Amino acid sequence: MRCLVVAGGEAQDLPQDVQTLETFDVVVCADGGVGNAYCLGLKPDVVIGDLDSLTTAERERLEREGCR
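Residues numbered from 1 in each chain as written. Predicted model: local features only at pLDDT ≥ 70, side-chain atom pairs only at ≥ 80, totals over all residues. Heavy atoms only, no water.

1. Quick look at the packing of aromatic side chains
Under the definition given, this model contains zero aromatic pairs. Seen from the ring of Phe 24, Arg 2 lies directly overhead, with NZ or CZ sitting 4.4 Å from the centre. Sitting above the plane of the Tyr 38 ring, Arg 61 keeps its charged end 3.6 Å from the centroid. (Phe/Tyr/Trp six-rings, centres within 6.5 Å; stacked < 30°, edge-to-face > 60°. Lys NZ or Arg CZ within 6 Å of the ring centre and 35° of its normal.)

Right, dumping it as structure tokens:
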């Protein structure tokens, strides 16, 4: 099983080769990494952290998608 951890950070730091990212089985986002995951077209499976960096829209979307 391959796990990808997405952290927060500046959007220009995101990898350009998104196809490589699609080979991961589980996407774990560390708090603000949720926004970066969505920018990459990835669906978070798990979010860790205090969640203070998430917008209301991101929280609602995560709940709808069944993210833990």
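Past the structure itself, the notes keep going.
2. Quick look at the pairing of strand S2 (residues 26-30)
The element S2 is largely enclosed, with a buried count of four among its five residues. Bridging between S2 and strand S3 (residues 46-48) involves three bridges; their strand directions are parallel. For Val 28, the partnering residue across the bridge sits in S3 and is Val 46. One crossover worth recording links S2 to the parallel S3 by way of helix H2 (residues 33-39), and it is right-handed. (Buried < 20%, exposed > 50% of the residue type's maximum accessible area, 1.4 Å probe, protein only. Helix = DSSP H or I, 4+ residues; strand = E, 2+ residues; numbered from the N terminus. Pairing = 2+ DSSP bridges. Right-handed = clockwise from strand over helix to strand, strands pointing away.)

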